[in-house]
Amino acid sequence: MNKVIYTKNAPEAIGPYSQAYLCGNTLYTSGQIAINPENNEFIGGNIEHQTKRVIENLAAVLREAGFGFEHVVKTTCFLKNMNDFAAFNQIYGEYFTSKPARSCVAAQELPKGALVEIELIAIKN
């Protein structure tokens, strides 16, 4: 069963892609940045503020697909500045308590001047 996942509780896609795609028991999300889903406006702010918004957006997509953070097996994180790594990690660790596999890389530029973008893969057995 393949299915496009959409929720109004996460930002609209700003290009030709989906918020997430469910393939069988595996969910693949698109990258999320700190956009408020109520008005689709970028929220700005510091790394902590943006990280919380990004993860809340991902939580909404997970819920829509019937998943939770406990199902996440892999995240890919993009940071504009690796000097933000410790502050990012603090917020990230509050949500991803199951400690999924992760890649975290510096990105020279992210959409809308974001400081962080996260995508994930979740599996439900």
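The rules behind each value
Residues numbered from 1 in each chain as written. Predicted model: local features only at pLDDT ≥ 70, side-chain atom pairs only at ≥ 80, totals over all residues. Heavy atoms only, no water. Helix = DSSP H or I, 4+ residues; strand = E, 2+ residues; numbered from the N terminus. Buried < 20%, exposed > 50% of the residue type's maximum accessible area, 1.4 Å probe, protein only. Patch = residues over 30% accessible without salt bridge, like charges linked within 9 Å, V, L, I, M, F, W, Y side chains within 5 Å. Areas by Shrake-Rupley, 256 points an atom, 1.4 Å probe, with all protein chains shown as cover. Salt bridge = Lys/Arg side-chain N within 4 Å of Asp/Glu carboxyl O. Phe/Tyr/Trp six-rings, centres within 6.5 Å; stacked < 30°, edge-to-face > 60°. Lys NZ or Arg CZ within 6 Å of the ring centre and 35° of its normal.

Chemist: Please explain the side chain of Asn-57 as it appears in this structure.
Modeler: Here Asn-57 shows up in helix α1 (residues 47–64). Relative accessible area serves as the criterion here: at 0%, Asn-57 is assigned to the buried category.

Chemist: Help me out: how do you make sense of a nonpolar patch on the surface in this one?
Modeler: Nonpolar side chains collect at one region of the surface, where Val-4, Tyr-21 and Tyr-28 lie side by side and expose about 280 Å² of accessible area between them. Residue position: Val-4 is located in strand β1 (residues 2–5).

Chemist: Would you take a moment to explain the packing of aromatic side chains for this structure?
Modeler: Any aromatic ring pair is given by two values, namely how distant the centres are and how the planes are angled relative to each other. Scanning all chains against the criterion turns up 4 aromatic pairs. Here Phe-69 and Tyr-95 contribute two aromatic rings whose centre-to-centre distance is 5.9 Å and whose plane-to-plane angle is 55 degrees, an arrangement assigned as tilted. Here Phe-69, found in the loop between α1 and β6 (72–79), pairs with Tyr-95, found in helix α2 (residues 85–95); they are 26 residues apart in sequence, far enough to count as distant. Look at Phe-69 and you get buried, because its relative accessible area is 18%. Between Phe-69 and Phe-96 the ring centres are 5.0 Å apart and the planes differ by 80 degrees, which places this aromatic pair in the edge-to-face class. You can see Phe-69 sitting in the loop between α1 and β6 and its partner Phe-96 sitting in the loop between α2 and β7 (101–106), a full 27 residues away along the chain. Three or more aromatic residues joined by ring pairs form one cluster here, namely Phe-69, Phe-88, Tyr-92, Tyr-95 and Phe-96. Sitting over the ring of Tyr-92, Arg-102 keeps its end group 4.6 Å from the ring centre.

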